[in-house]
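# Breakdown of the fold
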Amino acid sequence: MLKFSIFLLVLFGCSTIVFGQKDNSKPNFVVIFTDDQTYRAIGYNNSEVLTPNLDNLAKKGLIFNKAFTSTPVCAASRASVFTGLYPQTNGTVALDRNSFINNIVNENKYNTMAEFLQDEGYTTYFSGKSHLGNPQDYGFRFGYESNSFDDEIAFKEVSNFIEKEDFGEQPFFIWLAPRQPHVPLKPAQQWLELYPLENISIEKNFLTTPEQESVFNQGLPGEHYYRDSDYTNNYKNLPAGPPRSTEVISEFTKAYYATITHLDFQIGYFINQLKDSGHMENTVFIFLSDNGYLLGNHGLGNKLTMHEESVRIPMFIYWDQLKIDVHESEALVSSTDLLPTILNIAGLPIPEYLHGKSVLPILKDPSVSINDFIASESVGVGGKVGTGHRMIRSPEWKYIITDINDELLFNLSDDPYELNNLIDKDAYESILVKLKGYYQEWRDLVGDEKLIP
């Protein structure tokens, strides 16, 4: 068995630098953007998951406990993050990269994050999974897409870039997009051995198969379709979708966690390389995922629905110039907030058309909030634009409207596993009216044509 202590890479100590840049130079940015990592699948949120390197860094920075993706659809999520816009506005709502290539690359409707920074003198580099075509077509000067299952190539390439590139006085922007922990799950035995099967917990909302309700549908409106039900290329050929027993989901979760631990090990070496080369100083390090993942929660696999496991993501920011005593924030943040945040920290103007807001005020004071609500949409199911699910999330409440206009209301403070739908309870009418008001506000913002019941 590989001892846990072997891969715990000791990172650097806390900084005492006053918040703000030490000089007039712009900060560097490193964004690590994982694939299908739900918010519970990181050590600081779940002690069963071994991610010592990420935990160590996160606890010295600021953890965003209520971070959400704008859409739980891989390609659409990436397009949204890069443009700072919800999918229905930027035009990429599903898995088809052609819409992004047509709207963003060919027609230049909106600048991407990399283009904004490259125009301001940043050296821009991409390594890992793009899902949107050639990264050099949308603002990255260096790098290319790599889809190796274990991300060995992606980490090797970014490591070589750090070693060989002479940045001089030029700041850099590195986007590292590991493919892990996306299925198929193929962790090596050394990582599997860290997770005895008897230590894997089954969550309260696990079902062997989903109930026949629209909120669980991952297909076209009116269907009862569930993704990945016949996926047979995982560890032990385990199905990623229903139906599954508790034994099967335990094995699947074990492999999922083991894959994330391997990823943490790779990230740890990369972080230490940045430190040893002197590049971590004045580098803003941002970690998040494109969307979550349903590990048998509600009987589902994959993502696409509006449940917490699907839309809520791990996210933290580390910067050695942060000077904060509290290292966790309960503020609502969206993946659309990433672009304005990076522009703000870099001292660049934030275009008014962006949907997100900078989290810089939260980095200065973790007790503040910037969003009264956030939204998420999954509206490209089956390639039909506009079909699918929407949600509005306030700090305590969630409103969901499904593909066939069924409505759900959850009190997340009392019911974090979303088991008790309160939509028909008269006592919560005023809350529902408020959330529908938020929905109308968001609907007007993004151009959503789905009516409010």
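Presented here is an overview of the structure given in this document. The shown structure was predicted, so the numbers you read here are calculated from the model rather than taken from an experiment.

Let's shift gears to helix 6 (residues 152-164). With 13 residues, helix 6 should cover 18 Å at 1.5 Å per step; its first-to-last C-alpha distance of 18 Å lies within 8% of that length. Buried residues of helix 6: Ala154, Phe155, Val158, Ser159, Phe161 and Ile162, and no others. Down the axis of helix 6, the sector holding all buried residues measures 160 degrees, keeping them to one side. Those residues of helix 6 that are exposed and angled more than 90 degrees off the buried face are Glu152, Lys156, Glu163 and Lys164. Where helix 6 is buried, its residues contact strand 3 (123-128), strand 4 (142-145), strand 5 (172-177) and helix 8 (246-276).

This next bit is on the sheet that holds strand 10 (residues 374-378). With respect to topology, four strands assemble into an open sheet ordered 10-11-12-13, the strand pairing being antiparallel. Strands with a single pairing partner mark the edges of an open sheet, and in this sheet they are strand 10 and strand 13 (407-411). Within this sheet the neighbouring strands show an average axis-to-axis angle of 15 degrees, counted without direction. In the sheet, strand 10 pairs with strand 11 (residues 389-393) via five bridges, with the strands oriented antiparallel. Considered in strand 11, the bridge of serine 376 is made with methionine 391. Lying on the sheet, helix 12 (residues 429-446) is in contact with strand 10, strand 11, strand 12 (397-401) and strand 13; it crosses strand 12 at an angle near 60 degrees.

Time to look at the nonpolar core. Formed by 49 residues in total, the largest nonpolar core has its most connected members in Phe64, Met113, Phe173, Trp175, Leu338, Ile342 and Leu363. Broken down by element, this core gets its largest block of residues, five residues, from helix 10 (residues 338-345). If we skip the residues at most four places from it in the chain, methionine 113 touches Val81, Phe82, Phe173, Trp175, Leu338, Leu339 and Ile342.

Thresholds applied
- Residues numbered from 1 in each chain as written.
- Predicted model: local features only at pLDDT ≥ 70, side-chain atom pairs only at ≥ 80, totals over all residues.
- Heavy atoms only, no water.
- Helix = DSSP H or I, 4+ residues; strand = E, 2+ residues; numbered from the N terminus.
- Expected span 1.5 Å × (residues − 1).
- Buried < 20%, exposed > 50% of the residue type's maximum accessible area, 1.4 Å probe, protein only.
- Arc of directions from axis to C-beta.
- Contact = heavy atoms within 4.5 Å.
- Pairing = 2+ DSSP bridges.
- Axes fitted to C-alpha atoms, helices over the stretch in contact; angles between N-to-C directions.
- Core = buried A, V, L, I, M, F, W, Y, C linked by side-chain atoms within 4.5 Å.

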